[in-house]
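Close look at the chain arrangement
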Amino acid sequence: MILAVRDTERGRQVAAQLPGETRVVEVDLASLESVRRAAGELTGVGGGDAEGRAGGLAGEKADGEVEQIDVLVNNAGAISPRRCETADGFEMLLGVNVLGPFLLTNLLLPLVRRRVVIVASNAHKRGSFDVDDPHCRRRRWTPAAAYSQSKLGDMLWGLALDQRLRDGRAEAAAAGVDVQLTHPGWAATGISNATGNAAIDRVVTGVCSLFAQPAAQAALTTMFAATRPLPPCSYTGPDAMQHLRGMPTLIGRSAEASDPAIAERFWEFAAAETATD
């Protein structure tokens, strides 16, 4: 198990609780330089040594052979009460939720031999991708609109990547690698505490504890997407409360998130922003 994390101390704490071999790699998705450095550690091309390595599941072995990744899970999610930018000048939510993972996946794809999982959200249904001002430099920014746009970006990126894997424009470590998209539902995690007001955050936490599903339950959709035999580029989520909680099942997505032409335009945008294809 490889944990690619921003906070390596917390990553090591989690790794210590996991069975089998683990490895902690530092990556800040708000910095393309950090993403490239982390990918270099895993591919054996540049980069330094990963932290907390115990055997390692990817990267360069002692004999120089590069190991491979069975399933790559893109699980990052950020929310912010105010507009801010990444180290590369991207709107933060678009940068962390999509562009950083997009670059990391493209760089690691030659190691992947089974599946790429992208954790999206049903918030994508309220989003639209503004090709003229994706980073909200001129139009009004709100947390909800920026988050929804970023999650629509995840859906479009996944659709475009799956098509590339099937038509040969993208190559993984093995034939038949597919992409799966997933929505965790309403999860009682720290991402909800993003108002910037401690008192309001406590209220949000209280509401979440009553109605949201525990993080372990929410993670079932990701495990389902990572391990079950599914049609290429399926979208899974909870089966109850309008897909806010429950057991994993196949669910529907928006018309925009299903449009190959829009997905292709988004891919071209992301490839240009990250200088990778």
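Read on for an overview of the structure.

Reading guide: rules and limits
Residues numbered from 1 in each chain as written. Predicted model: local features only at pLDDT ≥ 70, side-chain atom pairs only at ≥ 80, totals over all residues. Heavy atoms only, no water. Helix = DSSP H or I, 4+ residues; strand = E, 2+ residues; numbered from the N terminus. Expected span 1.5 Å × (residues − 1). Phe/Tyr/Trp six-rings, centres within 6.5 Å; stacked < 30°, edge-to-face > 60°. Salt bridge = Lys/Arg side-chain N within 4 Å of Asp/Glu carboxyl O. Buried < 20%, exposed > 50% of the residue type's maximum accessible area, 1.4 Å probe, protein only. Core = buried A, V, L, I, M, F, W, Y, C linked by side-chain atoms within 4.5 Å. Contact = heavy atoms within 4.5 Å. Axes fitted to C-alpha atoms, helices over the stretch in contact; angles between N-to-C directions. Parallel < 35°, antiparallel > 145°, perpendicular 65-115°, else oblique. Left-handed = near helix turned anticlockwise from the far one by under 90°. Nonpolar A, V, L, I, M, F, W, Y, C, P; charged D, E, K, R; others polar. Polar contact = N/O pair within 3.5 Å; in protein donor to acceptor, adjacent residues only side chain to side chain.

Description of helix 4 (residues 143–167)
The end-to-end C-alpha separation of helix 4 is 36 Å, in line with the 36 Å expected for 25 residues at 1.5 Å each. Among the residues trailing helix 4, Gly-168 stands out with phi positive, at a value near 90°.

Description of the packing of aromatic side chains
With the rule as written, the count across this model stands at five aromatic pairs. Taken together, the ring pairs connect Phe-102, Trp-157 and Trp-267 into an aromatic cluster.

Things to note about the pattern of salt bridges
This structure, assessed with the given rule, holds eleven salt bridges. With a shortest N-O distance of 2.9 Å, Arg-12 and Glu-9 are connected by a salt bridge. Of this pair, Arg-12 and Glu-9 both sit in helix 1 (residues 8–16), three residues apart, roughly one helical turn. Relative accessible area serves as the criterion here: at 30%, Arg-12 is assigned to the partly exposed category. Of the charged contacts, one joins Glu-264 and Arg-169 as a salt bridge, the two residues approaching to 3.5 Å between their closest N and O atoms.

Regarding the nonpolar core
Across soluble globular proteins, nonpolar side chains have a tendency to be buried as a group. Leu-108, Trp-157, Leu-161 and Phe-266 are the most contacted members of the largest nonpolar core, which has 58 residues in total. Elements represented by at least two residues in this core include exactly helix 2 (32–43), strand 6 (69–74), helix 3 (92–108), strand 7 (112–119), helix 4, strand 8 (178–182) and helix 8 (260–274). Excluding residues within four positions of it along the chain, Leu-161 makes contact with Thr-105, Leu-109, Val-116, Ala-170, Val-179 and Trp-267.

Topic: the packing of helix 3 against helix 4
Running from N to C, helix 3 and helix 4 point in directions that differ by 20°, and their axes come no closer than 7 Å. Comparing their axes, helix 4 and helix 3 come out roughly parallel. Both helix 3 and helix 4 take part in a crossing whose hand is right-handed. From helix 3, Leu-93, Leu-94, Asn-97, Val-98, Pro-101, Phe-102 and Thr-105 reach across to helix 4, where they touch Pro-143, Ala-146, Tyr-147, Gln-149, Ser-150, Lys-151, Gly-153, Asp-154, Trp-157 and Leu-161. Looking at the contact of helix 3 with helix 4 residue by residue, the class counts come to ten nonpolar, five polar and two charged.

So, helix 8
Here helix 8 contains 15 residues, and its C-alpha end-to-end distance of 21 Å stays within 8% of the 21 Å for a straight helix at 1.5 Å per residue. Listing the buried residues of helix 8 in full gives Ile-262, Ala-263, Phe-266, Trp-267, Phe-269, Ala-270, Ala-271 and Thr-274. With a side-chain oxygen positioned 2.9 Å from the backbone nitrogen of Ala-261, the residue opening helix 8 is Asp-259. Looking one or two residues past helix 8, Ala-275 carries a phi angle of roughly 55°, positive in sign.

A few points about unusual backbone geometry
One non-glycine residue, Cys-136, lies in positive phi territory at about 55°. Here Cys-136 shows up in the loop between strand 7 and helix 4. In this structure Cys-136 comes out as buried when scored by relative accessible area, which is 6%. One non-glycine residue, Gln-242, lies in positive phi territory at about 55°.

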